[in-house]
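Here's the letter readout for the chains.
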Amino acid sequence: MSAAAPPHPAAEPGISTAGPDRQSARFMYMYALAVSGGAVAYIPFLTILLPLRATSLAGDDALDVLAIAAFAGAIAASVANIGFGWASDVTGTRRPWIMAGLFLSTSMLLAMPLATSVPLLISMIVIWQVSLNMMLAPLAAWAGDSIPDSQKGLLGGLLALAPALGALSGAVVTLEWLVPFENREVLVGIFVMLLVCPLLFAGRPVAMPHLMHPNGTGIDQKSRITTHKRGTVQMWLARLLVQIAEASLFAFLLLWFRSLKPDFTANTAATIFAFVLGFAVFLALAVGRWSDRASRPILPLIWGSAIAAAGLVIMAFAPNLTIAIIGYVAFGLSSSIFLALHSSQTLRVLPRPHTRGRDLGIFNLTNTFPSLIMPWLTLALVPKYGFYALFLLLAALAMVATLLLLNMRRRGTAD
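Residues numbered from 1 in each chain as written. Predicted model: local features only at pLDDT ≥ 70, side-chain atom pairs only at ≥ 80, totals over all residues. Heavy atoms only, no water.

Participant: Help me understand the overall build of the chain, please; the structure alone is not making it clear to me.
Facilitator: In terms of helices and strands, the chain carries 14 helices and zero strands. Reading the chain from its N terminus to its C terminus gives the helix and strand order α-α-α-α-α-α-α-α-α-α-α-α-α-α. Here the chain, with 415 residues, has 51% of them falling under the buried criterion. For the chain, long-range pairs separated by at least 24 residues make up 84% of all intrachain contacts whose partners lie at least 6 apart in sequence. A total of about 18200 Å² of accessible surface is found on the chain, and carbon and sulfur atoms cover 70% of it. (Helix = DSSP H or I, 4+ residues; strand = E, 2+ residues; numbered from the N terminus. Buried < 20%, exposed > 50% of the residue type's maximum accessible area, 1.4 Å probe, protein only. Contact = heavy atoms within 4.5 Å. Areas by Shrake-Rupley, 256 points an atom, 1.4 Å probe, with all protein chains shown as cover.)

If you want it as structure tokens, here you go:
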């Protein structure tokens, strides 16, 4: 006797039943803001507020504390994302999990100033990561339940807003005149609530029942799922390779610029970084809309990873700072567009809708693995061979991603 299929997460309370062909723009905008709320929840905290907390508790040992917190947090986030994605699959609903995760993660964020010792701080970070992924995992799966393939390019473009707003929130919480109090986690928590709550309380997606059932039946269904599994593996590997390159540049951008020009300022580096993230939003929206109209979901990913590789090669051989910045801008824009569009197009190759949350949790490993791999790559190459060798290795990884996607497109897995 076959097991009964788990409940499908399509039947969220208050869902409209109007036309099944396109999702409403209102819901998609609310969804993009909620995903941006997730980015706002962790980017300013991990990049600015946590280092300040670690320094106040550990002084000169702050780097060791941050390394331990990053490692433990990455492991906790990886396991929790898979677990809560699976839990939302089993229960057949996403919204309650998102709401619970929002409440718990915000509560933990506001409690961070109460940490009076390093072990307590690290324990609280692990709990915060678990509760944050209680929100993020079902939120990611909800897009697969609600947004059809014909709008996944637009969805990817909208998702480019998340890292830009995350970086902007980090700049805002560091403004002394705007945030005159010490516990800036309060402001971060307010931002997150303002971005996520509209979706939870007013999001009314058009019902998409066809997204909750695998296409085809019997032998045809098994064949299609096998094809999708092949495409899923290729998409996973391609994202991992580009994420490794992106994480390496994010962490060591300022050091590389200063290796070319010792008096290069942190403010200039931040300005370039902000320009890349901001401009990438508009480019990703344009490219995503084009991919929907042309029904070419994988082609922008191929070009994105290829241009990222070219940008890294330019950076490796840059004779001066101007050429180096041009190379970085090419890499930064193309990789940002790649990652945003990849997040949405992944949804079309996942093999089974009733395990969508769990499968997206496995895809989330491509976000956490690079933080564990990247420091060792850099330490192994840069001290002995310089940034030149690192950039060439990262370019090679991006080209492998391009070849994987080219093979996927040739086989017709997703295009």
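Participant: Is there a simple way to think about the confidence of the model for the chain in this case?
Facilitator: Regions with low pLDDT carry predicted coordinates that are not meant to be interpreted in detail. Of the residues in the chain, 88% reach a pLDDT of 70 or more, and the chain-wide mean stands at 85. A low-confidence stretch, residues 1–19 stays under pLDDT 50, and its non-local contacts, those more than four residues away or across chains, total 36 contacts. Low pLDDT (under 50) marks residues 216–226, which in the prediction has six contacts with non-local residues, meaning those over four places away or in another chain. (pLDDT = per-residue confidence, 0-100.)

Participant: Would you mind showing me how to read the nonpolar core here?
Facilitator: Soluble globular proteins: nonpolar side chains tend toward being buried together. Core analysis: the biggest nonpolar cluster contains 103 residues, and Y31, L249, W256, F257, L312, Y328 and L405 have the highest contact counts within it. In terms of residue count, the dominant contributor to this core is helix α8 (residues 218–260) (twelve residues). Among residues more than four places away in sequence, those in contact with Y31 are L139, A140, W142, A143, L155, L159 and L199. (Core = buried A, V, L, I, M, F, W, Y, C linked by side-chain atoms within 4.5 Å.)

Participant: So what exactly am I meant to see when it comes to the packing of helix α1 (residues 25–58) against helix α7 (residues 185–202) here?
Facilitator: In a pair of packed helices, the angle between the axes and the distance between the axes together describe the arrangement. It is at 8 Å that the axes of α1 and α7 come closest, and there the two elements cross at 160°. Considered as vectors, α1 and α7 are oriented roughly antiparallel to each other. Considering only the axes of α1 and α7, their crossing is left-handed. Partitioning the contact of α1 with α7 into residue classes produces 18 nonpolar, two polar and three charged. (Axes fitted to C-alpha atoms, helices over the stretch in contact; angles between N-to-C directions. Parallel < 35°, antiparallel > 145°, perpendicular 65-115°, else oblique. Left-handed = near helix turned anticlockwise from the far one by under 90°. Nonpolar A, V, L, I, M, F, W, Y, C, P; charged D, E, K, R; others polar.)

Participant: Honestly, the packing of helix α5 (residues 152–159) against helix α6 (residues 161–172) in this entry has me stumped. Any pointers?
Facilitator: As a packed pair, α5 and α6 sit with axes 5 Å apart at the nearest point and diverge in direction by 10°. Judged by the angle between their axes, α5 and α6 are roughly parallel. On α6, the residues that touch G157, L158 and L159 of α5 are L161, A162 and P163. Looking at side-chain class alone, the contact of α5 with α6 contains five nonpolar, one polar and no charged residues.

Participant: I'm lost on the pattern of salt bridges in this one. Help?
Facilitator: Note on pairing: side chains with opposite charge can pair once their charged atoms come close. Scanning all chains against the criterion turns up seven salt bridges. Note that R94 is salt-bridged to D145, the shortest N-O span being 2.7 Å. With R94 in the loop between α2 (62–91) and α3 (95–111) and D145 in helix α4 (residues 118–146), this pair connects stretches of sequence that are 51 residues apart. We classify R94 as buried; its relative accessible area is 0%. (Salt bridge = Lys/Arg side-chain N within 4 Å of Asp/Glu carboxyl O.)

Participant: Just checking my understanding: could you explain α3 for this structure?
Facilitator: Within an α-helix, residues lying three or four positions from one another point in the same direction, as the helix has 3.6 residues per turn. With 17 residues, α3 ought to run about 24 Å at 1.5 Å a step, and its terminal C-alpha atoms sit 24 Å apart, in line with that. When we look at burial in α3, the residues that qualify are R95, I98, G101, L102, S105, T106, M108, L109 and A111. (Expected span 1.5 Å × (residues − 1).)

Participant: Explanation requested: the side chain of D359 in the structure shown.
Facilitator: Structurally, the position occupied by D359 is in helix α12 (residues 356–363). Separated by 2.7 Å, the side chains of D359 and R358 make a polar contact. Contacts of D359, omitting those with residues within four sequence positions, involve L350, P351 and R352. (Polar contact = N/O pair within 3.5 Å; in protein donor to acceptor, adjacent residues only side chain to side chain.)

Participant: What should I look at first to understand α4 in this one?
Facilitator: The end-to-end C-alpha distance of α4 is 42 Å, a good match for the 42 Å that 29 residues give at a rise of 1.5 Å each. Helix geometry: α4 is bent most strongly at N133, by close to 25°. (Bend = angle between axes of the 7 residues up to and from the residue.)

Participant: Where do I start with the environment of A137 in this structure?
Facilitator: Within the secondary structure layout, A137 lies in helix α4. In the structure, A137 is positioned 50 residues away from A87 in sequence and 9.6 Å away in space, judged by C-alpha atoms. With near-sequence residues (within four places) excluded, A137 lies in contact with N81, F84 and G85.

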